[in-house]
Protein chains: 4
Amino acid sequence: MNEPVYDVAHLGRVELLTPDLDASLDFFVSVLGMDEVERVGDSVFLRAWGDYERASLRLTAAEQPGVGTIAWRTTSEPALERRVAALEAAGRGIGWEDGIAGIGRSYAFTDPDGLRMSIYYDSEYFAPSDGQTPTLKNQPQRIGVRGAAVRRIDHVNVWCRDIDRNADFMVDTLGFRVSEQAVDGDGRRTGAWLHVTPKSYDLAYGRVDPADLGARLHHVAYAVDAREYVLRAADVFLDAGVRIEAGPAKHAVQQTTFLYAFEPGGNRVEIITDGRLLLAPDWRPITWTPEERARGQAWGTLMPESWFTYATPPVAAGQQETEHA
Amino acid sequence: MNEPVYDVAHLGRVELLTPDLDASLDFFVSVLGMDEVERVGDSVFLRAWGDYERASLRLTAAEQPGVGTIAWRTTSEPALERRVAALEAAGRGIGWEDGIAGIGRSYAFTDPDGLRMSIYYDSEYFAPSDGQTPTLKNQPQRIGVRGAAVRRIDHVNVWCRDIDRNADFMVDTLGFRVSEQAVDGDGRRTGAWLHVTPKSYDLAYGRVDPADLGARLHHVAYAVDAREYVLRAADVFLDAGVRIEAGPAKHAVQQTTFLYAFEPGGNRVEIITDGRLLLAPDWRPITWTPEERARGQAWGTLMPESWFTYATPPVAAGQQETEHA
Amino acid sequence: MNEPVYDVAHLGRVELLTPDLDASLDFFVSVLGMDEVERVGDSVFLRAWGDYERASLRLTAAEQPGVGTIAWRTTSEPALERRVAALEAAGRGIGWEDGIAGIGRSYAFTDPDGLRMSIYYDSEYFAPSDGQTPTLKNQPQRIGVRGAAVRRIDHVNVWCRDIDRNADFMVDTLGFRVSEQAVDGDGRRTGAWLHVTPKSYDLAYGRVDPADLGARLHHVAYAVDAREYVLRAADVFLDAGVRIEAGPAKHAVQQTTFLYAFEPGGNRVEIITDGRLLLAPDWRPITWTPEERARGQAWGTLMPESWFTYATPPVAAGQQETEHA
Amino acid sequence: MNEPVYDVAHLGRVELLTPDLDASLDFFVSVLGMDEVERVGDSVFLRAWGDYERASLRLTAAEQPGVGTIAWRTTSEPALERRVAALEAAGRGIGWEDGIAGIGRSYAFTDPDGLRMSIYYDSEYFAPSDGQTPTLKNQPQRIGVRGAAVRRIDHVNVWCRDIDRNADFMVDTLGFRVSEQAVDGDGRRTGAWLHVTPKSYDLAYGRVDPADLGARLHHVAYAVDAREYVLRAADVFLDAGVRIEAGPAKHAVQQTTFLYAFEPGGNRVEIITDGRLLLAPDWRPITWTPEERARGQAWGTLMPESWFTYATPPVAAGQQETEHA
């Protein structure tokens, strides 16, 4: 058995593309309760009150919604160098880039589907200014009291064309570990949940893209402290006129409590909480058969069609295959 | 900067000594909601429903309450060997022992105060039998529905004579990281909270032992999923006649929500929940000054004298110094 | 304006008919966490830990599932006599009956659809025996720690043929007040929620019976203290193999948090919590139009077909009309 | 046995006197999350998001903190007239006054200690304007998302000189019912909790005033939906620099979950939640002996001296007796 690799520390920042930057910004600030920290060009950088880094979300104006670059922080500078070497050896490296908005130099790469990601180590901790200075010094800033008041970035879920290939790439080059996976009748994966932290997933290849495009975003997730706050987020969304897609309810896979909604730019956002930590260093991936997945969510919650068919950027009508579980 | 070491995965098992094994066992089973898994000699092994290993608690009959061996799981077999080498180099190794109740061979050692600990890698995952088989296969067993229904072991807090010396030992030989610490006017530590997981602490040297003995137990902690369940535990304790010492309330240090009570053998137990994960690989320890600690718990909760003066094994009257913050 | 009448105090007891008494009993005891208090003939009487009366549920063996007698406690003996007079004047009285299992003499009657109900004043408070004596004397017994541990009976929901007629009857003869109602395009009610306590409903005529039978049970509801406990009930149901029908989610009508499941006898049971009290003595009923109801539950939760079509006793296939919103 | 009287519906409005109107207003708006609805002279009227009437709090500039008029809504106009007659018969009536800020004509009176109260029936329901219109029409306005976001007024607690005399007065003239009471060794009451709704108390004579003044305010309480929100209020208070006095914790008397803090004018405010409803029309008051009360709060929470000695208006040093439990 190989030793586990601990070179990637956690998900650092997700870039969302939006055709309506102002409306998307208002959603993340007024409804999710995040704070704007910086603007650079067509991008606005935001943070949740519990994120220790300066910004965990980058909103970038674009013609279509979707995901831009997903950035991962490494555990050290040597770890960064080791992973860059592995990415170059895999032939998937793009190269070094200047960091932005609190992140230092970053090495960009793509997964086999072309999803753009980067790794970095150098990162600026958030320094609260006057109105944000918390009473307890072990907290990055005051607790959030606006809207759903999400605490921290949690994970990102994308669709790809070949889950085995993409998941193996993340495992082999970056040391991600598979916590749970779904397979079809031939044993090919139809979903893979990967983690680098003891949270049970930090990245999901959630589904084989029915449009056969790949590198499309299913959702970005922000965490709250308890299930009650997922319910409260739904109450907040209801009064704010946000389109709720599904939940609050509980996934069978990973057992997380979820709430899915759409931000005005068209991207799906998840509010999540999880009581489980996967502390085992030799966790054996849980494998879900088609029969087991057909039982649906933990409590049998009915999911709308869109949850199985819509990702960003969206595909034109007719372009998308309709098969789904 | 040195790279962080990820050789110790998590706290695996705590041994509690009890002068009333039957009563202690009844407390952990009926009130905390844990399950007995095995008996060997004078010891009974127990697990919480969310522990993935076979047993996280060992109750051992003894004349006095206190803590026996604290066992830590490593992230791999080579990691185990590296740490054993470091312990031997530090001159604190005791030697290899046969494992017990699901744990394989273990290497025993002491910290500078003589607190007995061990490290191991080989571990048996819990295999639920019929009445315990959960509906969701990603869960070790059915969710707990008895008493406080604690989910998993969380941490252990001990008092020692010299916190700098003991904390440094855990950092240097095993790769523990200090997340928070308290200091006196001379900069000497009066408390240190250390972690190997992204939980903000797995081990605490909570206080300089006023009796100058060291290696005494302040408490062992079990986690529940949300703050409501810490309150519910207090309700359960109330009706069960358990002696509550303090809480539910919120610590300033670490911000965890706590409830302290005494098991019938005389050891202090904590029920805890925490919404925070310390994901930063380069976390700079939070340092609390005497003035800051004098502000007390997060919400100003008054703590009883015993919380500052009682540890197990208890000391005879007159033997204990009385100074405390 | 007439003065409100405060002669009926609260829902006292619901009788459920079950074709599998043993399995139903096991569900209410092991899964819902209720206690058996007495057996009389083919009936078993049960209580939730927070019910102040001896028993709030009567399970009676029968060929078909369904509802037996629904009993309401009056606010005084004179109030009882006034309501009996009103029932007799309305021509719907059946007559006095001996009480049973803690309830004194009761006056039975039917609503216009033939739903059997009774009113009584004389009632025995629950007296806990040794293992049930709570530490706090203002509590009927120890808090529940088994299964979903429901606290108290909440309400009953039945289907009838003519909601205007039945709701008006309860208002006119017993002083029930309508808190919310749904209407069709002609202004005829398609649902009515009535209350005698500041809970926003104690009785619902939830739907015009599509089978045109009436006096059929949609569900009986038991309350828990907070939304987290509705979620926990779903977790308990999942591991206990209980068939969850819908939820946890939030109703638009009444805003209650719900979870629907089936007990083994075939009756639907709801676990509910509600943060709202209707304290206004002159509350003007909220009226929901067909367009408003078409928006569905508060968070848009999809409800399964059965929730709109199944009541007990069930109707044979083909007997039931299929129209529903 | 007399029939219960249901002429008083609920607590309608509490007037707080404050020497710092601006600071008090900012506390109730920014920290508790209430909304200002109207200003008249030296008074500002406020509401919680779940109050159905226009305003439940009146802040009035004054030299000293304390309580002004406590207003109760009756269940009907005839009920109002009956209670006015009873007050006049008792010789404690002051007379009719014009209503203000949504309340119609009111009849003022004092309790035997001189505490000023009023009763009224005519009341304006809150009509939300654009930004406050809720998505669900059965809710007075959008759910609160600012600060502690309290839901509705709950109760008021005052100290008086003779609890038997004052409590009897409220029972005899207005139909209040005693749910719980504390007595001294001679059977004289040392505390009385009274209710008109199925909440277990709406008014408390919490303590024999150690300063022998009476008509002093211990606290006014606002309710939240669940215990988690009492904890969250404490977190909000912590970051807002509010002085927390005690809690969150659980009272033995009434079992409510409490949090006490001081608003900038010097008055004590309680955040409360309660899972219990006293639905019994013939509830027998729970009586706590001195020995039982000496056991303290439900979980043994230590209460600071001020909680037993401070009420508003405060008394000069030396003026106050120091005896307390």
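A short tour of the structure in this document, coming up.

So, how was this worked out
- Residues numbered from 1 in each chain as written.
- Chains lettered and ligands numbered in written order.
- Predicted model: local features only at pLDDT ≥ 70, side-chain atom pairs only at ≥ 80, totals over all residues.
- Heavy atoms only, no water.
- Pairing = 2+ DSSP bridges.
- Helix = DSSP H or I, 4+ residues; strand = E, 2+ residues; numbered from the N terminus.
- Expected span 1.5 Å × (residues − 1).
- Buried < 20%, exposed > 50% of the residue type's maximum accessible area, 1.4 Å probe, protein only.
- Phe/Tyr/Trp six-rings, centres within 6.5 Å; stacked < 30°, edge-to-face > 60°.
- Contact = heavy atoms within 4.5 Å.
- Axes fitted to C-alpha atoms, helices over the stretch in contact; angles between N-to-C directions.
- Core = buried A, V, L, I, M, F, W, Y, C linked by side-chain atoms within 4.5 Å.
- Least-squares fit on C-alpha atoms with pLDDT ≥ 70 in both.
- Salt bridge = Lys/Arg side-chain N within 4 Å of Asp/Glu carboxyl O.
- Polar contact = N/O pair within 3.5 Å; in protein donor to acceptor, adjacent residues only side chain to side chain.
- Buried area = accessible area lost by both parts, 1.4 Å probe.
- Arc of directions from axis to C-beta.
- Parallel < 35°, antiparallel > 145°, perpendicular 65-115°, else oblique.
- Left-handed = near helix turned anticlockwise from the far one by under 90°.
- Nonpolar A, V, L, I, M, F, W, Y, C, P; charged D, E, K, R; others polar.

1. A short note on the pairing of strand β4 (residues 57–61) of chain C
Moving residue by residue along a regular strand, the side chains alternate between the two faces of the sheet.
All names here are of chain C.
Then comes step 1: Of the pairings in the sheet, the one linking strand β1 (residues 8–18) to β4 comprises five bridges and is parallel in character. From the neighbouring strand, Leu 16 faces β4, where its bridge partner is Leu 59.
Then comes step 2: One ladder, built from four bridges, connects strand β3 (residues 43–47) with β4; its direction is antiparallel. Its bridge partner being in β4, Phe 45 is matched across the sheet by Arg 58.

2. Here we look at helix α3 (residues 163–174) of chain C
All names here are of chain C.
Then comes step 1: Taking 1.5 Å of rise per residue, the twelve residues of α3 would be expected to cover 16 Å, and the 16 Å separating its terminal C-alpha atoms lies within 8% of that figure.
Then comes step 2: Where α3 is concerned, the buried positions are Ile 163, Asp 164, Asn 166, Ala 167, Phe 169, Met 170, Thr 173 and Leu 174.
Then comes step 3: Once α3 ends, the next one or two residues include Gly 175, with phi positive near 85 degrees.

3. Notes on the packing of aromatic side chains
Then comes step 1: Evaluated as defined, the whole model comprises 48 aromatic pairs over all chains.
Then comes step 2: Centroid distance Trp 72 of chain C to Phe 176 of chain C: 4.9 Å. Interplanar angle 90 degrees. Geometry classified as edge-to-face. Of this pair, Trp 72 of chain C sits in strand β5 (residues 66–74) while Phe 176 of chain C sits in the loop between α3 and β10 (177–183); the two residues are 104 residues apart in sequence, bridging distant segments of the chain.
Then comes step 3: According to the relative accessible area criterion, Phe 176 of chain C is buried, its value standing at 2%.
Then comes step 4: Measuring from ring centre to ring centre gives 6.2 Å for Phe 109 of chain D and Phe 169 of chain D, while their planes differ by 50 degrees; the resulting arrangement is tilted. One end of the pair, Phe 109 of chain D, is in strand β7 (residues 106–110); the other, Phe 169 of chain D, is in helix α3 (residues 163–174), and 60 residues separate them in sequence.

4. Digging into the environment of Pro 19 of chain B
Residues and elements named next belong to chain B.
Then comes step 1: Relative to the assigned elements, Pro 19 resides in the loop between β1 (8–18) and α1 (21–31).
Then comes step 2: Taking C-alpha positions, Pro 19 is 35 Å from Gly 275, a pair spaced 256 residues apart along the chain.
Then comes step 3: With residues near it in sequence (within four places) discarded, Pro 19 still touches Ala 62, Glu 63, Gln 64, Pro 65 and Gly 265.

5. A short note on the sheet that holds strand β14 (residues 243–250) of chain D
Residues and elements named next belong to chain D.
Then comes step 1: Spatially, β14-β15-β16-β13-β9-β12-β11-β10-β17 is the arrangement adopted by the nine strands of the open sheet, whose pairing is mixed. Edge strands, defined here as strands with exactly one partner in the open sheet, are β14 and β17 (286–288). The average undirected angle you get between the axes of adjacent strands in this sheet is 20 degrees.
Then comes step 2: Bridge analysis of strand β11 (residues 189–195) against strand β12 (residues 203–208) gives three bridges, and the strand direction is antiparallel. Residue pairing across strands places Trp 193 opposite Ala 204, the latter belonging to β12.
Then comes step 3: Here helix α4 (residues 227–240) sits on the sheet and contacts β14, β15 (257–262) and β16 (268–273); the angle it forms with β15, its principal contact strand, is near 20 degrees.

6. Focus on the nonpolar core
Then comes step 1: Counting residues in hydrophobic clusters, the biggest one holds 372 residues, and the most contacted among them are Phe 237 of chain A, Phe 237 of chain C together with Phe 237 of chain D.
Then comes step 2: With sequence-adjacent residues up to four places away left out, Phe 237 of chain C is seen in contact with Phe 27, Val 31, Leu 32, Ala 148, Val 242, Ile 244, Leu 259, Ala 261 and Ile 271 of chain C.

7. A look at the sheet that holds β1 of chain C
All names here are of chain C.
Then comes step 1: One open sheet holds the eight strands; their spatial order is β2-β3-β4-β1-β5-β8-β7-β6, and the pairing between them is mixed. The open sheet has two edge strands, β2 (35–40) and β6 (93–97), and neither has a second partner. For this sheet, the mean angle separating the axes of adjacent strands, direction not counted, is 25 degrees.
Then comes step 2: Those strands touched by helix α1 (residues 21–31) are β1, β2, β3 and β4, and its axis lies near 160 degrees from that of β4.
Then comes step 3: Packing of helix α2 (residues 77–89) onto the sheet brings it into contact with β5, β6, β7 (106–110) and β8 (116–120), and relative to β8 it is tilted by some 145 degrees.

8. Examining the relation of the copies chain B and chain A
Then comes step 1: Rotating chain B by 180 degrees and translating it 0.0 Å along the rotation axis places it on chain A, where the RMSD comes to 0.0 Å. Both copies of the chain, as the preceding transformation shows, are related through a two-fold rotation axis. Within chain B, Ala 226 of chain B has its C-alpha nearest the rotation axis, a separation of 2.9 Å.
Then comes step 2: Most of the interface of chain B is mirrored in chain A: 100% of its interface residues are interface residues there too.

9. Some words on the relation of the copies chain C and chain D
Here the two chain copies are tied together by a rotation about an axis and a shift along that axis.
Then comes step 1: Of the two same-sequence chains, chain C is brought onto chain D (RMSD 0.0 Å, axial shift 0.0 Å) by a rotation of 180 degrees.
Then comes step 2: The residues that chain C uses at the interface reappear at the interface of chain D in 100% of cases, marking a shared surface.

10. Here's the deal with the interface of chain B and chain A
Then comes step 1: Every contact between the two is made by 48 residues of chain B and, on the other side, 48 residues of chain A.
Then comes step 2: Scanning the region where chain B abuts chain A turns up six salt bridges.
Then comes step 3: Put simply, Asp 282 of chain A and Arg 73 of chain B hold a salt bridge, and the shortest N to O gap is 2.7 Å.
Then comes step 4: Applying the counting criterion to the chain B and chain A interface returns 24 residue pairs in polar contact (both at pLDDT 80 or more).
Then comes step 5: Mapped by element, the contributors of at least two residues to the side of chain B that touches chain A are β1, β5 (66–74), α2 (77–89), α4 (227–240) and β17 (286–288) of chain B.

11. Some points on unusual backbone geometry
Then comes step 1: In this model, Gly 247 of chain B is joined to Pro 248 of chain B through a cis peptide bond whose omega is 0 degrees.
Then comes step 2: Looking at the secondary structure, you find Pro 248 of chain B in strand β14 (residues 243–250).
Then comes step 3: Positive phi, normally seen in glycine, also occurs at Asp 212 of chain C, with a value near 55 degrees.
Then comes step 4: Even without being a glycine, Gln 254 of chain D presents a positive backbone phi close to 75 degrees.
Then comes step 5: Inspection of the secondary structure assignment puts Gln 254 of chain D in the loop between β14 and β15.
Then comes step 6: You can call Gln 254 of chain D buried: its relative accessible area is 0%.

12. Brief notes about the interface of chain C and chain D
Then comes step 1: Counting residues at the interface gives 48 residues for chain C and 48 residues for chain D.
Then comes step 2: Note on chain C versus chain D: buried area summed over both sides is about 4,000 Å², and carbon and sulfur give 56% of it.
Then comes step 3: At the surface where chain C touches chain D, the tally comes to six salt bridges.
Then comes step 4: For the salt bridge of Lys 137 of chain D with Glu 292 of chain C, the shortest nitrogen-to-oxygen distance reads 2.9 Å.
Then comes step 5: Joining chain C to chain D, the criterion identifies 24 residue pairs in polar contact (both at pLDDT 80 or more).
Then comes step 6: Taken together, the elements giving at least two residues each to the side of chain C that touches chain D come down to β1, β5, α2, α4 (227–240) and β17 (286–288) of chain C.

13. Focus on the environment of Thr 69 of chain A
Residues and elements named next belong to chain A.
Then comes step 1: Its location among the elements puts Thr 69 in strand β5 (residues 66–74).
Then comes step 2: Owing to a relative accessible area of 16%, Thr 69 belongs among the buried residues under this scheme.
Then comes step 3: In sequence terms Thr 69 and Leu 16 are 53 residues apart; their C-alpha atoms lie 8.1 Å from each other.
Then comes step 4: Apart from residues lying up to four places away in sequence, Thr 69 is in contact with Arg 13, Val 14, Glu 15, Arg 116, Met 117 and Ser 118.
Then comes step 5: Engagement of the side chain of Thr 69 in a polar contact is seen with the side chain of Arg 116, the distance being 3.0 Å.

14. Some thoughts on the environment of Thr 173 of chain C
Residues and elements named next belong to chain C.
Then comes step 1: Looking at where Thr 173 falls in the secondary structure, it is placed in helix α3.
Then comes step 2: Spatially, the C-alpha atoms of Thr 173 and Glu 88 are 9.3 Å apart, while their sequence positions differ by 85 residues.
Then comes step 3: The residues contacting Thr 173, other than those within four sequence positions of it, are Arg 83, Ala 86, Leu 87 and Ala 90.

15. Describing the pattern of salt bridges
Then comes step 1: On inspection of all chains with the given rule, the structure shows 104 salt bridges over all chains.
Then comes step 2: Of the charged contacts in the structure, one is a salt bridge between Arg 189 of chain C and Asp 164 of chain C, with a shortest N-O distance of 2.6 Å. Of this pair, Arg 189 of chain C sits in strand β11 (residues 189–195) while Asp 164 of chain C sits in helix α3, and the two are 25 residues apart along the sequence.
Then comes step 3: Given the relative accessible area of 19%, Asp 164 of chain C is considered buried.
Then comes step 4: Because the salt bridges share partners, they merge into one network encompassing Glu 3 of chain A together with Asp 7, Arg 82 and Arg 83 of chain B.

16. Re α2 of chain C
Residue and element names in this part refer to chain C.
Then comes step 1: Under the 1.5 Å per step criterion, the end-to-end length of α2 is 18 Å for 13 residues, consistent within 8% with the ideal 18 Å.
Then comes step 2: Every buried residue belonging to α2 is among Ala 79, Leu 80, Arg 83, Val 84, Ala 86 and Leu 87, and all of these are buried. In an axial view of α2, the angular spread of the buried residues amounts to 160 degrees, which keeps them on one side of the axis.
Then comes step 3: Contacts made by the buried residues of α2 are with β5, β6, β7, β8 and α3.
Then comes step 4: Looking at where α2 begins, the residue whose side-chain oxygen comes 2.9 Å from the main-chain nitrogen of Ala 79 is Ser 76.

17. Focus on the packing of helix α4 (residues 227–240) of chain A against α4 of chain C
Then comes step 1: Direction vectors running N to C along α4 of chain A and α4 of chain C enclose 115 degrees, while the axes themselves pass 9 Å from each other. Here α4 of chain A lies roughly perpendicular to α4 of chain C, going by the angle between them. Handedness of the α4 of chain A/α4 of chain C crossing: right-handed. Only Arg 227, Glu 228, Leu 231, Arg 232 and Asp 235 of chain C of α4 of chain C make contact with α4 of chain A, whose side of the interface consists of Arg 227, Glu 228, Leu 231, Arg 232 and Asp 235 of chain A.
Then comes step 2: A per-class count over the contact of α4 of chain A with α4 of chain C returns two nonpolar, no polar and eight charged.

Keep in mind these numbers describe shape, not what the thing actually does.
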